[in-house]
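Observations on the three-dimensional arrangement
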Amino acid sequence: MSHFNSLLRHELRQQFHSLKFLTLGAFAVVFGLLSLYVQTEDYKSRKAVYDEEIIKAEQQLNEATVYSRLTVPIIVPPNPLSPFAKGVDDKVGNRLDINPLEAPHFKNAAQKQNPFLDIFEAFDLSTAVHILFSVMALFLVGDTIAGEREAGTLKQVFSNCILKSQYFLAKYLGTLGVLAVPLTLIFLIGALAMLLDPLISISTSQWLTVLMIYFSSVAFVSVYVLIGLALSARSSSAAQASLLGLMLWIALVFIYPNATRYLVNNTVAVPSSDEMAAEIRTIETQIADEVQAVFPQDGPGPASYNWCSIGKYNLASIIGATHRQVFEYHKSAVERGIPVALDGLDRIYQARLAHKRQFARQRETAMAFNRFLPGQLLTESASKMAGTHYTSRDLQILEGAKSYHRQLTDYIRQKGGFGYTFFTQMPETAMRTRLSDYNGDVLEAYLPSNYKNLNLEDMPLYTPTSRALIPRESLIDFMALILINLIFFILGGLLFSRSDVRARH
Amino acid sequence: MLKTLIEKELRAQLFTPRMAITTTVIVLIMLVNGLIFNLRFNQGMTKTNRETAATTQGLQENASSLMSLLFYEQTLIKQPSPLGFIANGNEDVLPNGTKMNYFTESPLGHFKSQNRFFSRFQALDWTFLLVYVLSFVCLAFSYNAFSGEKEQGTLKLILSNNLPRGTLILGKLFGLMICVALPFLLGLLLNLLIVEFNPHLVLQTREWLILLAFTGVAMLFIAMNLLLGLLVSSLTARASHSLNLLLMSWILLAVIIPGISWVSARKMVPVPSEKVMRERYNRDVEQIYENGDYSWSWRSSWAGQPPNETVRRRAAGIQATDAHRIQFYRAYQAQRFKQTDRAVTLAKLSPFSLFRFIGERFSDNGYLGLKRFVAQARIYRSTVNQFYTDRDNQDTDSHHLLWNEPWASSTFGSQRPVEPASIPRFEYSPPTLSEIWQQSQWDILILFFWCLLLFAGTFTTFIRYDVR
């Protein structure tokens, strides 16, 4: 054990004092913190827009005077953990308008400032760790075993009573310990800066998520340390080991992931958004026809209105005053048309969902090829933990919005909102046979601009789907990282145990 | 002597495992690039042709009356570039078309499949190969050019002959150039062979000339990377230190500078969010309504009659709003372009990004290609609008009052049919070689200057290099 301790101490001392570690470590800390700063600034600018949006949304909700105009906006706040793992947080929309006559769907991200800047890579912390710490790990350990063998010190070390496993473990823990220093520094400084920033609020459970992302990052770095050790154990010279490591890095970080995504993106076909929009338009036309087909046959007759607006699917949206018969016609149209429209909206929702699922399938196909890549496992698990993965940030919210749409329509139904109050505030008792029968005060009182706001105190509120603190899928990715660690530990150990400690000439 | 040195370098590198790995990787990437490009190009052309056919049909169907044509919304799409295999230019994240009619123009849109669930990725095009793979290969080939030979003691031996140090640098440079260029040219030929087999794409003289010119620029880029390796190698005494320094330079130039340039650009040229702009626009429109002497009255009996004062005031109100919307949207887009241009300029501080944008210029893809498309789409809109206005002016029966309310305004303009073939059609024209040269000459010169600078640096340091 004392041998192991001295080996570990020696390794730590040697790595800490090496020029390679000092330069690359400083480089990594600066780059990591820079990525975190950039993403934090981005988060704050999106949050500022979100805060404004929320105020506007509340005003909009309180302005509803008839149920046809009742729109409950669901605005998804930017994720405060996005600087650590951005996922799709700023890519998919952030607003869904829940309205009885609209299938829930994400609207474009209003927080977006310049979509053309998407041509540049934006690094979150997990991507920065993926790129920098992998190369650091390979480069730092590349010449440890091979270098000592080349210099002849390996032979000297084993002339003492030292086990190869002790030596391998000391090398592994020493390098990992050294690499953990800049990694921990980045997480600590970053977390402290976010903690002290009054514009960022992170809950205790989210801090636990940050801690889990940190552990995933350590596990990720550990894989590359083990890969580096395995390469070093088999290489005849330090330079060869470093070079092999760097070649492997380029392949695993740049070539292979890009190649698979590029291939899948271009071979697994998914309709474009304009094709999808055309499909939705077709369904909308079908719904309009179906709704029209259930309208009362006799029609409203010659109608004059004090104020009238016809909305989606030819259903009355808002009416001030009109003949009683016309009121009855529109009420009947709403009563018959709404169930048909709601069925149709379900078709629109399903079509949109199917389109999204095609994208999800395309992505999953690409991910299937990358499942074994440590970098992929890190970024995937980090975004799943942070809640910026497409499943939690898009599909689950959409499903929640769909179920809220159902709750809202039930609420409106309970309130009798699919009757006269769908489009007017005039009570049935005040309705007259002809428009000329209304006196001026009544006409004035029931002008839509004079309508009172709906009392929505008992309206159900949208509650976001609760997420597990650490989702199961992210744990699977984390466990896969641990498994890869174990495999490479065994492989590296085996390769080293069979390698010759003498210099190869 | 130079020839001997080159031969020596070739003998030392050509039959090594790293050469075999390099060649295999390059050939594989080029094969994948060629195959995927063909697939993408064909899909893109099918989509473009479909939209063009739909537009033709739409114009024919609406040609019975000029007023119908004014309201007909055309879709303009940037057709895929036949040289897209040089640089894809992140086409997947950029819009590729727009819709417009006489009165309005829509924001740029995606007339292609765009998967927002994917994290951003690079296409395996020639620029990717050169920026991420070949630059790294250059580093791997050159990091120990001097420091490695010094460690082995061979540098001392070489220079014990009557060999000028400049000649040794040139020998190393040319020898390594051949080693790196050979697999690249092999992959390039294979790629072109695959592209040539695409029955839907015929490369014309223009394309071949551009390809030839780009290959020349690619050689310049390879030389720059090798010279960087040689410079660092001549600055250090040990190969491992050279590798360390080069690795950091590579990460800085290929990853960090391109990755943070946009951040500085965002600070330098602020662009408001879409939401803020929407609110600003709504306020402007309210202002226009308040300040102008407009009327919003309408009676169905006015249709078909000569326009009265109220109709004119209504039309003026709508025209003013439409004009403001187009102006407002263009100004917002110009601001976004300005910010992106700044980010591109800052990214070009790295020769890697410089080369990437040269590639985009040559292939007419990416952000630079999109800007060209936007400019052409605007010119087209002016042309076609002028054509419609002239036609309306020629019609003595027309009241020449055109505004964007189809249900109200359709009887106030010309009702005469228009010959569909006479309507100007949008056809995207890619840049000629001379245009490409004009637009990218400074970038190429800067790349050349980088080479000169690095060569001068290598020469200066190597002259003083202790070979023992």
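Parameters and conventions
Residues numbered from 1 in each chain as written. Chains lettered and ligands numbered in written order. Predicted model: local features only at pLDDT ≥ 70, side-chain atom pairs only at ≥ 80, totals over all residues. Heavy atoms only, no water. Helix = DSSP H or I, 4+ residues; strand = E, 2+ residues; numbered from the N terminus. Rg over C-alpha atoms; globule rule 2.2 N^0.38 Å. Buried < 20%, exposed > 50% of the residue type's maximum accessible area, 1.4 Å probe, protein only. Contact = heavy atoms within 4.5 Å. Areas by Shrake-Rupley, 256 points an atom, 1.4 Å probe, with all protein chains shown as cover. Salt bridge = Lys/Arg side-chain N within 4 Å of Asp/Glu carboxyl O. Axes fitted to C-alpha atoms, helices over the stretch in contact; angles between N-to-C directions. Parallel < 35°, antiparallel > 145°, perpendicular 65-115°, else oblique. Left-handed = near helix turned anticlockwise from the far one by under 90°. Nonpolar A, V, L, I, M, F, W, Y, C, P; charged D, E, K, R; others polar. 1 Å grid on protein atoms, 1.4 Å probe; cavity = no way out; pocket = protein on both sides within 12 Å on 5 of 7 lines; lining within 4 Å. Points joined across faces, edges and corners; volume = space filled by probe spheres on them. Pairing = 2+ DSSP bridges. Buried area = accessible area lost by both parts, 1.4 Å probe. Polar contact = N/O pair within 3.5 Å; in protein donor to acceptor, adjacent residues only side chain to side chain. Core = buried A, V, L, I, M, F, W, Y, C linked by side-chain atoms within 4.5 Å. pLDDT = per-residue confidence, 0-100. Phe/Tyr/Trp six-rings, centres within 6.5 Å; stacked < 30°, edge-to-face > 60°. Lys NZ or Arg CZ within 6 Å of the ring centre and 35° of its normal. Expected span 1.5 Å × (residues − 1). Bend = angle between axes of the 7 residues up to and from the residue.

Attention now goes to the overall build of chain A. A count of helices and strands for chain A gives 14 helices and four strands. Against the globule reference of 23 Å for 505 residues, chain A gives a C-alpha radius of gyration of 32 Å, more extended than a compact globule. Seen along its three principal axes, the alpha-carbon backbone of chain A occupies a region of about 110 × 45 × 35 Å. Counting the 505 residues in chain A, one finds 56% classified as buried. A separation of at least 24 residues holds for 82% of the contacts in chain A among residues at least 6 apart in sequence. Approximately 21100 Å² of chain A is accessible, and the part contributed by carbon and sulfur atoms is 60%.

Turning our attention to the overall build of chain B. Looking only at helices and strands, chain B features 15 helices and two strands. Taking 2.2 N^0.38 as the reference for a compact globule, 468 residues should give roughly 23 Å; the C-alpha atoms of chain B span a radius of gyration of 29 Å, well beyond that estimate. By its C-alpha atoms, chain B is 105 × 50 × 40 Å across when sized along the principal axes. Counting only residues that meet the buried cut, chain B has 57% of its 468 residues in that class. Excluding contacts between residues fewer than 6 apart, the proportion of contacts in chain B whose partners are at least 24 apart in sequence is 81%. For chain B, the computed accessible surface area is about 19800 Å², with 60% contributed by carbon and sulfur atoms.

Moving on to the pattern of salt bridges. When charged atoms on two side chains of opposite charge get close, those side chains can pair. The final tally for this structure, using the stated rule, is 49 salt bridges over all chains. With its nearest N and O atoms 3.4 Å apart, the salt bridge here joins Glu41 of chain A to Lys44 of chain A. Remark: Lys44 of chain A and Glu41 of chain A occur in helix α2 (residues 19–62); sequence separation between them is three residues, near one turn of the helix. The class for Glu41 of chain A is partly exposed, based on a relative accessible area of 26%. For Arg330 of chain B, the salt bridge identified is with Glu105 of chain B, shortest N-O distance 2.9 Å. Of this pair, Arg330 of chain B sits in helix α11 (residues 309–347) while Glu105 of chain B sits in the loop between β2 (97–100) and α4 (126–142), placing them 225 residues apart in sequence. Put simply, Asp42, Arg46, Lys86, Asp89, Asp90 and Arg393 of chain A together with Arg266 of chain B are held in one network by salt bridges that share partners.

Turning our attention to the packing of helix α7 (residues 204–234) of chain A against helix α8 (residues 238–267) of chain A. Residues and elements named next belong to chain A. Between α7 and α8, the shortest axis-to-axis distance is 9 Å and the interhelical angle comes to 140°. Compared by their axis directions, α7 and α8 come out oblique. Considering how the two elements wind past one another, α7 and α8 form a crossing that is right-handed. Facing Tyr224, Ile227, Leu231 and Ser232 of α7, the residues of α8 in contact are Ala241, Leu244, Gly245, Leu248, Leu252 and Val253. Residue composition of the contact of α7 with α8, grouped by class: eight nonpolar, two polar and no charged.

For the coordinates displayed, the defined rule picks out five cavities of 30 Å³ or more. Size it by volume and the largest cavity reaches roughly 120 Å³. Lining the largest cavity are 14 residues, with Thr98, Glu105, Ser106, Ala377 and Arg378 of chain B positioned closest to its centre. Residue assignment for the lining of the largest cavity shows that the elements contributing at least two residues are β2, α11 and α13 (366–394) of chain B. At five residues, α13 of chain B tops the list of elements feeding residues into the lining of the largest cavity. A breakdown of the residues in the lining of the largest cavity according to their chemical character gives eight nonpolar, three polar and three charged. If you add up the space inside the second largest cavity, you get close to 50 Å³. Every residue lining the second largest cavity is listed: Phe31, Leu34, Ser35, Val38 and Phe123 of chain A together with Gly259, Ile260, Trp262 and Val263 of chain B. Contributing elements (two or more residues each) for the lining of the second largest cavity: α2 of chain A together with α9 (239–268) of chain B. Looking at side-chain class alone, the lining of the second largest cavity contains seven nonpolar, two polar and no charged residues.

This part is about the pairing of strand β1 (residues 72–75) of chain A. All names here are of chain A. Going residue by residue along β1, you find Val72 and Ile74 tucked away on one face and Pro73 and Ile75 tucked away on the opposite face as well. As judged from the four bridges shared by β1 and strand β2 (residues 95–98), these two strands associate in the antiparallel manner. Opposite Ile74, over in β2, you have Leu96 as the bridge partner.

Attention now goes to unusual backbone geometry. Residues and elements named next belong to chain B. Even without glycine at this site, Asn90 takes up a positive phi of about 50°. Mapped onto the elements of the fold, Asn90 is located in the loop between β1 (74–77) and β2. If you check the backbone angles, Asp364 has positive phi at about 55° while not being a glycine. On the secondary structure map, Asp364 appears in the loop between α12 (351–363) and α13. Residue classification places Asp364 among the buried residues on the basis of a relative accessible area of 5%.

Residues and elements named next belong to chain A. Contact geometry of α2 with helix α6 (residues 164–196) gives a least axis separation of 10 Å together with a crossing angle of 25°. Regarding the angle of α2 to α6, the classification is roughly parallel. Considering the relative orientation of α2 and α6, their crossing is right-handed. Contacts between α2 and α6 involve Phe21, Gly25, Ala28, Val29, Gly32, Leu33, Leu36 and Thr40 on the former and, on the latter, Val178, Pro182, Leu185, Ile186, Ile189, Gly190 and Met194. Here the contact of α2 with α6 is composed, by residue class, of 11 nonpolar, four polar and no charged.

Counting residues at the interface gives 78 residues for chain B, matched by 70 residues for chain A. Between chain B and chain A, a total of about 6600 Å² is buried, with carbon and sulfur atoms accounting for 68% of that surface. Considering only the side of chain B, the residues that lose the most area to chain A are Phe117, Phe118 and Trp262 of chain B, jointly responsible for 13% of the buried surface there. Here chain B is connected to chain A by six salt bridges. Salt-bridge contacts for Lys56 of chain A lead to Glu279 of chain B; the nearest nitrogen and oxygen are separated by 3.0 Å. Here chain B and chain A share 18 residue pairs in polar contact (both at pLDDT 80 or more) between them. At the level of secondary structure, the elements contributing two or more residues to the side of chain B that touches chain A comprise α2 (17–62), α4, α9, α10 (274–291), α11, α12 and α13 of chain B. Broken down by element, the residue count for the side of chain B that touches chain A peaks at 19 residues, all from α9 of chain B. Among the residues making up the side of chain B that touches chain A, the classes are represented as 43 nonpolar, 18 polar and 17 charged.

For soluble globular proteins, the rule of thumb is that nonpolar side chains tend to be buried together. Phe133 and Trp249 of chain A together with Phe184, Ile222, Trp250 and Ile251 of chain B are the most contacted members of the largest nonpolar core, which totals 181 residues. Broken down by element, the residue count for this core peaks at 17 residues, all from helix α8 (residues 205–235) of chain B. Setting aside anything within four residues of it in sequence, one finds Phe184 of chain B in contact with Ile26, Met30, Leu129, Leu130, Leu134, Ala218, Met219 and Ile222 of chain B. The next biggest cluster of nonpolar side chains, apart from the first, holds 67 residues, and it includes Val88, Phe295, Tyr349 and Ala401 of chain A.

Our next topic: the layout of surface pockets. If you add up the space inside the second largest pocket, you get close to 1400 Å³. Lining the second largest pocket are 49 residues, and of these Ser237, Ala238, Ala239 and Gln240 of chain A together with Tyr143 of chain B lie nearest its centre. Considering every element that reaches the lining of the second largest pocket, the biggest residue donor is α8 of chain A, with seven residues. Of the residues contributing to the lining of the second largest pocket, the split by class is 17 nonpolar, 19 polar and 13 charged.

A word on the side chain of Asp443 of chain B. Along the polypeptide, Asp443 of chain B turns up in helix α15 (residues 433–463). If we ignore the near neighbours within four places in the chain, the residues touching Asp443 of chain B are Lys348, Leu354 and Ile358 of chain B.

Quick look at the confidence of the model for chain B now. Close inspection of predicted coordinates is inappropriate in any region flagged by low pLDDT. Per-residue confidence for chain B gives a mean pLDDT of 91; residues scoring 70 or more make up 100%. On the interface metric, ipTM, the complex scores 0.89, and its pTM is 0.87.

Let's shift gears to the packing of aromatic side chains. Under the criterion given, the structure shown has 58 aromatic pairs over all chains. For the ring pair Trp298 of chain B and Trp302 of chain B, a centre distance of 5.8 Å and an interplane angle of 90° mean the geometry is edge-to-face. A network of ring pairs unites the aromatic residues Phe37, Phe41, Phe85, Trp126, Phe184, Phe214, Phe221, Phe352, Phe355 and Phe362 of chain B as a single cluster. Looking at Lys164 of chain A, its charged tip hangs above the ring of Phe496 of chain A, at a distance of 5.5 Å from the centre. Cation over ring: Arg165 of chain B sits above Phe462 of chain B, and NZ or CZ is 5.5 Å from the ring centre.

Working note: α-helix, 3.6 residues per turn, so residues spaced by three or four point in the same direction. Look at α9 of chain B: 41 Å from first C-alpha to last across 30 residues, which is about the 44 Å you get at 1.5 Å a residue. The sharpest bend along α9 of chain B comes to roughly 40°, located at Ile256 of chain B, with the proline Pro258 of chain B sitting one to four residues further on.

In this section: the environment of Leu125 of chain A. In this fold, Leu125 of chain A is placed in helix α3 (residues 125–142). When its relative accessible area of 1% is taken as the criterion, Leu125 of chain A is described as buried.

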